[in-house]
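Inside the fold
Below, each chain spelled out in residue letters.
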Amino acid sequence: DTPLVVTDLHKSYANGFRAVDGVSFTVHRGQVLGLLGPNGAGKTTTLRMLMGLITPSGGQMRVFGHLVTPGAPVLSRLGSFVEGSGLLPHLSGLDNLRLYWEATGRPAADARMDEALEIADLGDAVHRKVRSYSQGMRQRLALAQAMLGLPDLMVLDEPTNGLDPPQIRTMREVLVGYARTGRTVLVSSHLLAEVEQTCTDVVVMNHGRVIAAGTVEELTSAE
Ligand code: ADP
Ligand code: ADP
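Residues numbered from 1 in each chain as written. Chains lettered and ligands numbered in written order. Predicted model: local features only at pLDDT ≥ 70, side-chain atom pairs only at ≥ 80, totals over all residues. Heavy atoms only, no water.

1. As for helix α4 (residues 135–148)
- Here α4 spans 20 Å end to end across 14 residues, near enough to the 20 Å set by a 1.5 Å rise per residue.
- With 12 of 14 residues buried, α4 is to be regarded as a mostly interior element.
- The set of residues buried in α4 consists of Gly136, Met137, Gln139, Arg140, Leu141, Ala142, Leu143, Ala144, Gln145, Ala146, Met147 and Leu148.
- Where α4 terminates, the next one or two residues include Leu150, which has phi positive at roughly 45 degrees. (Helix = DSSP H or I, 4+ residues; strand = E, 2+ residues; numbered from the N terminus. Expected span 1.5 Å × (residues − 1). Buried < 20%, exposed > 50% of the residue type's maximum accessible area, 1.4 Å probe, protein only.)

Structure below.
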């Protein structure tokens, strides 16, 4: 089963703007695939459709063969965070993780919770409400939460926004390590250097279209 197949995806917003205009790409098992493009390229729109948060105007997406349909229950094999979704601001960071963990139906104490707390790296702030967190703190908490369920396909929208360089390095190591366990990561970025350092493969988007795709080596050596 292929983790993700996106076919001729389109999205026009209510004002008629074509944010995604015929996008197709495939993500294979074990890849860390970077969706690279400048602001406004259509990356977030694409990922929000994948999450079932907004409805495509056309085309389709299959996650491990299952058709993504808007409003359907989140596929158990898909873990994700898109900025501004997934975290409950009126709960503490710890309670957010616990709630998510309980939703997976696993025992209350587990080594994975400890690992998640380490990734979130919130210190004492783990007891404060998420509402009071900086962007970087939210990003780390969202990553920790996404990883808790060990999804076969993890989808991350600009996860390094608001992180400082050491935290970006940690994020990179976490994602690369995650894919080495045979799972798959799809991550968006507007920074080529970041994609080069983290990803195995890249899909380049601009103006709602895919303008290049291949391995990172192919795309960075083809002068
Ligand atoms: P990226 O994530 O690559 O920065 P986005 O998917 O966020 O790109 O946005 C793509 C384009 O769609 C941008 O020009 C943005 O302004 C526009 N856009 C995003 N959301 C809406 C909306 N709700 N209505 C109209 N245009 C939108
Ligand atoms: P980001 O740059 O983080 O991808 P934006 O700042 O472009 O996100 O968008 C923030 C919110 O505003 C989103 O909900 C998006 O759908 C909406 N939005 C963005 N551009 C437009 C637009 N041109 N018209 C209407 N809504 C928009």
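That shown, we press on.
2. Regarding the site of ligand 1
- The immediate surroundings of ligand 1 are formed by Tyr13, Asn15, Phe17, Ala19, Pro38, Asn39, Gly40, Ala41, Gly42, Lys43, Thr44 and Thr45.
- Gly42 is positioned such that a nitrogen or oxygen atom in its backbone is 3.0 Å from an oxygen atom of ligand 1.
- In the environment of ligand 1, an oxygen atom lies 2.8 Å from a nitrogen or oxygen atom belonging to the side chain of Lys43.
- In the complex, 63% of the free accessible area of ligand 1, which totals 570 Å², lies under the protein chains.
- The dominant element in the shell around ligand 1, judged by the number of residues it contributes, is helix α1 (residues 43–50), at three residues.
- Looking at side-chain class alone, the shell around ligand 1 contains five nonpolar, six polar and one charged residues. (Near = heavy atom within 4 Å. Polar contact = N/O pair within 3.5 Å; in protein donor to acceptor, adjacent residues only side chain to side chain. Areas by Shrake-Rupley, 256 points an atom, 1.4 Å probe, with all protein chains shown as cover. Nonpolar A, V, L, I, M, F, W, Y, C, P; charged D, E, K, R; others polar.)

3. Side note on the side chain of Arg140
- Checked against the element boundaries, Arg140 lands in helix α4.
- Salt bridges are absent for the buried Arg140, whose nearest opposite-charge side chain, Asp121, sits at 4.4 Å.
- Those residues in contact with Arg140, other than ones at most four positions away along the chain, are Ile119, Ala120, Asp121, Leu122, Leu163 and Gln167. (Lys, Arg positive; Asp, Glu negative; His and termini not counted. Salt bridge = Lys/Arg side-chain N within 4 Å of Asp/Glu carboxyl O. Contact = heavy atoms within 4.5 Å.)

4. Some words on the sheet that holds strand β4 (residues 58–63)
- Spatial ordering of the open sheet is given by β2-β1-β4-β5, a layout of four strands whose pairing is antiparallel. Lying at the two open borders of the sheet, with one neighbouring strand each, are β2 (18–27) and β5 (66–67).
- Across two bridges, the pairing between β4 and β5 is antiparallel. Within β5, the position partnered with Arg62 by the bridge is Leu67. (Pairing = 2+ DSSP bridges.)

Nothing here speaks to function; it is all geometry.
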